[in-house]
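A closer look at the structure
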Amino acid sequence: MGANVVDVDGNRYVDLTAGFGALLLGHRPPVVARAVALQEKALWLALGDVYASESKVLLTEAVAALFPEKGARVMLGLSGADAITAAMKTAMLATGKPNVVAFEGAYHGLSYAPLAACGLSAAFRSPFEPQLARFVRFAPYPVGDLDRTMSVVRRELRKRNVGAVLVEPILGRGGCIVPPGGFLGALREACDEAGALLIADEIWTGLGRSGAWLASYEEGVTPDVACLGKGLGGGLAISACVGREEVMRAWGARGGGAIHTATHFGAPTACVAALATLVELRRARLPARAERVGQRWRGELAVLLEGRGVKDIRGRGLMIGIELEGGAPRALRVTQALLRAGYIVLTGGAAGDVLTLTPPLNIDEALLPPFTQALAASL
């Protein structure tokens, strides 16, 4: 439970990946377990788009309240890829323009619409290239050079067939890369000028992982649509696409949710799990805690790992990337050494050379210094 995992031989590990960052409250959090146990004695499945369960109504209201503007509307799904798909469909309905600008290094999921916009690695797309629609254009994700990125974005937007710009406020699987200040604001301005929607993929960054409820809003930018997933269900599969009322209203003109639905979207058990997760995140003020703890931890890592073959330590909140010299082979050796020492970590980044740390937001801070020592020894 919590940040611990025990294997079949009884060995205990500290899990610093937390389900690819999805277990915001750790493994089997008691508040979520209680909510699910109570719901399992009642309704397991409802006709969500016809006769919505109470839990679905309450959850959509709670998710809408996270959006910076009043009147936001919500569509639920099972995965982050579902949320991205709903957002891309929303852009098509709202603007009538099919093309999308996405970014190199970004990861949005591997079902077909998100796959076309997955810029992390061409290897994800190449086996399925003949079946993929060619509606996505890629711009470089800014690593210091914001002008180059924005010149590509604006060039694509000038073609007037772009309905959306899809962006991760901070690259997650792409290596925890924080863009330069002003990036999201520049995208917002460019989208407004071109009549395109700004879609924020907050599946990694949202719900406190980056130290804020929504990383985009923390930067002073309100997207037209935001996508939430990963940690929303406290370990159960659920996601959400939430957007401005005037944008989401486009669905009503085309038949409403009946043209985008699935049997298990908004299932009662997943909805109560998500409600319990949101309540606990707010009660324990975990987004703010993630910012404080993450900032201290990055500082400690920088001091102890200096001179040990580390290119960069970066991130925000409790999404931290440690880029290593020696490439993917060395990064893999380090993760194996850490596993032997009792710590679960994963590699990320386009080249696989970034140790990615995404522990539960409520992890006991006393567990972090021993890991830092173990990492230094492994390097």
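Right above here is the structure, for reference.
This structure is a prediction, so every number in the text was calculated from the model and none was measured.

**Points about the pattern of salt bridges**
- One pass over the full model with this rule turns up 16 salt bridges.
- With a shortest N-O distance of 3.4 Å, glutamate 245 and arginine 73 are connected by a salt bridge. With glutamate 245 in helix H10 (residues 245–248) and arginine 73 in strand E3 (residues 73–77), this residue pair connects regions lying 172 residues apart in the sequence.
- Accessibility expressed as a relative area gives 29% for glutamate 245, which makes it partly exposed.
- Here aspartate 192 makes a salt bridge to arginine 188, at a shortest N to O gap of 2.8 Å. Of this pair, aspartate 192 and arginine 188 both sit in helix H8 (residues 183–194), 4 residues apart, roughly one helical turn.
- Relative accessible area serves as the criterion here: at 11%, arginine 188 is assigned to the buried category.
- When salt bridges with common partners are traced through the structure, they connect Glu69, Arg188, Asp192, Asp224 and Arg244 into a single cluster.

**Describing the sheet that holds strand E2 (residues 12–15)**
- The mixed open sheet is built from 3 strands, whose spatial order is E1-E2-E12. Both outer strands of the open sheet, strand E1 (4–6) and strand E12 (343–344), are each paired with one neighbouring strand and no more.
- Bridging between E2 and E12 involves 2 bridges; their strand directions are parallel. Residue pairing for E12: valine 14 is matched across the bridge by tyrosine 343.

**Quick notes on unusual backbone geometry**
- One non-glycine residue, arginine 28, lies in positive phi territory at about 45°.
- Among the structural elements, arginine 28 can be located in the loop between helix H1 (18–21) and helix H2 (30–40).
- Residue arginine 28 is classed as exposed on the basis of its relative accessible area, which comes to 59%.
- The phi dihedral of cysteine 176 falls on the positive side, at around 55°, and the residue is not glycine.
- With respect to the secondary-structure elements, cysteine 176 resides in the loop between strand E6 (162–167) and H8.

**Considerations on the nonpolar core**
- Of all hydrophobic cores here, the largest spans 58 residues; its most connected members are Leu16, Leu59, Trp297, Ile322, Leu357, Phe371 and Leu375.
- Among the elements that make up this core, the one with the highest residue count is helix H11 (residues 268–283) (9 residues).
- In contact with isoleucine 322, other than residues within four places in its own chain, are Leu301, Leu305, Val310, Asp312, Ile313, Asp353, Val354, Leu355, Leu357 and Leu375.
- In terms of nonpolar packing, the next biggest core, distinct from the first, is built from 26 residues, Ala91, Ala102, Phe135 and Cys241 among them.

Calculation rules
Residues numbered from 1 in each chain as written. Predicted model: local features only at pLDDT ≥ 70, side-chain atom pairs only at ≥ 80, totals over all residues. Heavy atoms only, no water. Salt bridge = Lys/Arg side-chain N within 4 Å of Asp/Glu carboxyl O. Helix = DSSP H or I, 4+ residues; strand = E, 2+ residues; numbered from the N terminus. Buried < 20%, exposed > 50% of the residue type's maximum accessible area, 1.4 Å probe, protein only. Pairing = 2+ DSSP bridges. Core = buried A, V, L, I, M, F, W, Y, C linked by side-chain atoms within 4.5 Å. Contact = heavy atoms within 4.5 Å.

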